[in-house]
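A structural walkthrough
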Amino acid sequence: MSVNNTNIWELAEAYLAGSMSKEEQVALHQRLNADAAFAREFQEISNLIRSVSDSGKHKRFRSMLHNVHQSQTAAVPAKKARHIILTPEFWRTTSIAAGVAILTSTLTFWSLKPSLNKTEKRYNTISREVTGLKIAQAKQLEKQKQLEIDLDKSKKPAPPPSDVKKTGTGFALTNNGYFVTAYHVIHDENGYGDSVYIQNREGQYFKASLVTFNAESDVAIMKVDKAGFRFGKSELPFTFTGLKADLGTHIFTLGYPADEIAYSEGYISGRNGFEGNIMQYTLELPVGHGQSGSPLLDGKGNVVGLLTAKGAENEVKTYAVSAKAITDLLHKLPDEKNIKLPKASKIGRMPREQQIDKLEAYTFAVKVYKK
Amino acid sequence: MQSPLNTEQQLLAALADGQRVATEQIYRQNYHIVSGWLIKNGGSSTDAADLFQEAMVVLFGKAQEEDFRLTCSIGTYLFAISKHLWYKKLQRQSREPVALHDNTGDEDEDGGLAYEDDVNAHTERETHYEQLDAALEQIGEPCRSLLKAYYHKDKSMQEIAAEFGYTNPDNAKTQKYKCLARLRKIFYAGLE
């Protein structure tokens, strides 16, 4: 290779690759020292080649990482607890669901309940879908014959399993652990999650079990498993109203659209809900995914409903199930399981900031886990 | 089956070289630590996968440096980098200052700053690569595919000559230099 006659790109490439002979290197350095314009160009060209080739190296590394992640998370052996081997029909639905999850954005969860199929874009449940391992799962399912789900029902206090599938919000019915959330948070077209935990404002997790539900009204009543559990120091500060709230009532809500609790306020804009559903209200209230199951309160501290869904992405329309759906469900329980709802609101006369402060302990994130 | 790489230096050298065995080993030993921490702090498993992979890329980038030295174990490094990346992300999302240190107290001030430098270098590098990619998208065919085949997919000039219909590798190579010249023009024009 003659340093003076060779293409500058080829020179730079050979130089970077370290494939030049001693003589060639000496000749190159001589020319670089003698010719400043050549040196500048050589420098720029070398930098470019190095960048392009490093960028390629990074790309290959990233794609390998992705691959390693998939194979490693797929290879995690299930704990030796109880296993349910899913039937082939089930994997098919999960892989279809995984496909759907890839297509939709991470934070958007279109309700796929059969009755809502045609109108799903105008009526979006506001739980937060966590797509997580679904992509990996879809790939893995092609290869793997058995998918084992670990249903760990031991009584030991265990940290939550690692794969949050969905998050919503819940609020207390009694101070000793009964609470309510939206049914679609804990059950969707893939069935129930393996476990449901609540996470309070201190970040502590508590496992919870389903007590009863009404899929049609989208209400689920659950209870924290831990014996002696208390949401707060005192009994619930709010009460539930069985009466239909008036049009124009100012309302507010607290919920967990992300890991921080969020407050928003608005008003009842429709006496009935989606497509005239009389068990619901239509609200002008900005909410985010993850706020399904949030309490809807009027200014006096009465729970008037539970948030379930919102309208099309560009609307502020939100839908809530009326509190009556919750009390109706409670009345159906045998002996009402000694659930005594508070009779009076203790926060009726407080300014909003104090109301929120009192409510925070009784409002929490609901996290659904599934392997 | 290959035996595990014994020392951290060997492991890092193999990682810098892009070897899968090393990558897998580091992944296996450290992923659950980072993901456990993140999930405890309110992240999801998707966040954990993204975060850990980003931290691995930071380590990979650092391992490429000639005077590369790690003053702590790979595990400590990955964990610290992950935390920095996560707090940075939270900061970006909230547009408010977030304390860059949590109270786990396992990194001293100097160590924290060193990690921050590495994260910043990583961010700069990524921006640079993005600019390059943007320029690459503009150079037109067959240049774009040819350069991608050589630099991104690591194909040989023989393979490229066959794939793109050049009579021999030397012709393909001449074409590659022309393409690089074009990339240079667009890339530096874009930076001005």
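See the structure above.
1. A look at the interface of chain A and chain B
The partner chain B presents 44 residues to the 40 residues of chain A that form the contact. The contact between chain A and chain B buries some 3800 Å² in all, and 59% of this surface belongs to carbon and sulfur atoms. Counting across the chain A and chain B interface gives seven salt bridges. Notably, a salt bridge pairs D133 of chain B with K59 of chain A, separated by 2.7 Å at the nearest N-O pair. In this assembly, chain A and chain B are joined by 15 residue pairs in polar contact (both at pLDDT 80 or more). Looking at the side of chain A that touches chain B, the elements that each hand over two or more residues are α1 (8–17) and α3 (36–75) of chain A. Looking at the side of chain A that touches chain B element by element, the count peaks at 27 residues for α3 of chain A.

2. A look at the packing of aromatic side chains
Across all of its chains, the model carries 25 aromatic pairs over all chains by this definition. For the pair F238 of chain A and F240 of chain A, a centre-to-centre distance of 5.8 Å together with 65° between the ring planes defines the contact as edge-to-face. Each member of the pair, F238 of chain A together with F240 of chain A, is buried. Between Y77 of chain B and Y115 of chain B, the ring centres sit 5.7 Å apart and the planes meet at 65°, which makes this aromatic pair edge-to-face. Here the residue Y77 of chain B occupies a position in helix α4 (residues 74–94), and Y115 of chain B occupies one in helix α5 (residues 109–138), the gap between them amounting to 38 residues. By relative accessible area, which is 10% here, Y115 of chain B ends up buried. Among the aromatic residues, those joined into a cluster by ring pairs are F179, F206, F229, F231 and F364 of chain A.

3. Here we look at helix α7 (residues 157–164) of chain B
Residues and elements named next belong to chain B. Within α7 the residues assigned to the buried category are M157, I160 and A161. Down the axis of α7, the sector holding all buried residues measures 100°, keeping them to one side. In α7, the exposed residues that point more than 90 degrees away from the buried face are Q158 and A162. The first or second residue beyond α7 is G165, which carries a positive phi of 75°.

4. Observations concerning the pairing of strand β14 (residues 262–270) of chain A
All names here are of chain A. Both strand β13 (residues 250–255) and β14 contribute to a ladder of six bridges, which runs antiparallel. Counted as the bridge partner of L254 is Y263 from β14. Hairpin connection, β13 to β14: the antiparallel pair is bridged by six residues. With three bridges joining them, β14 and strand β15 (residues 280–284) adopt antiparallel strand pairing.

5. Regarding unusual backbone geometry
Cis rather than trans, the peptide bond between E141 of chain B and P142 of chain B has omega equal to 0°. Residue D218 of chain A is not a glycine yet carries a positive backbone phi of 70°. For D218 of chain A, the position within the fold is in the loop between β10 (205–214) and β11 (219–224). Unlike most non-glycine residues, D154 of chain B shows phi in positive territory, near 60°.

Conventions and cut-offs
- Residues numbered from 1 in each chain as written.
- Chains lettered and ligands numbered in written order.
- Predicted model: local features only at pLDDT ≥ 70, side-chain atom pairs only at ≥ 80, totals over all residues.
- Heavy atoms only, no water.
- Contact = heavy atoms within 4.5 Å.
- Buried area = accessible area lost by both parts, 1.4 Å probe.
- Salt bridge = Lys/Arg side-chain N within 4 Å of Asp/Glu carboxyl O.
- Polar contact = N/O pair within 3.5 Å; in protein donor to acceptor, adjacent residues only side chain to side chain.
- Helix = DSSP H or I, 4+ residues; strand = E, 2+ residues; numbered from the N terminus.
- Phe/Tyr/Trp six-rings, centres within 6.5 Å; stacked < 30°, edge-to-face > 60°.
- Buried < 20%, exposed > 50% of the residue type's maximum accessible area, 1.4 Å probe, protein only.
- Arc of directions from axis to C-beta.
- Pairing = 2+ DSSP bridges.

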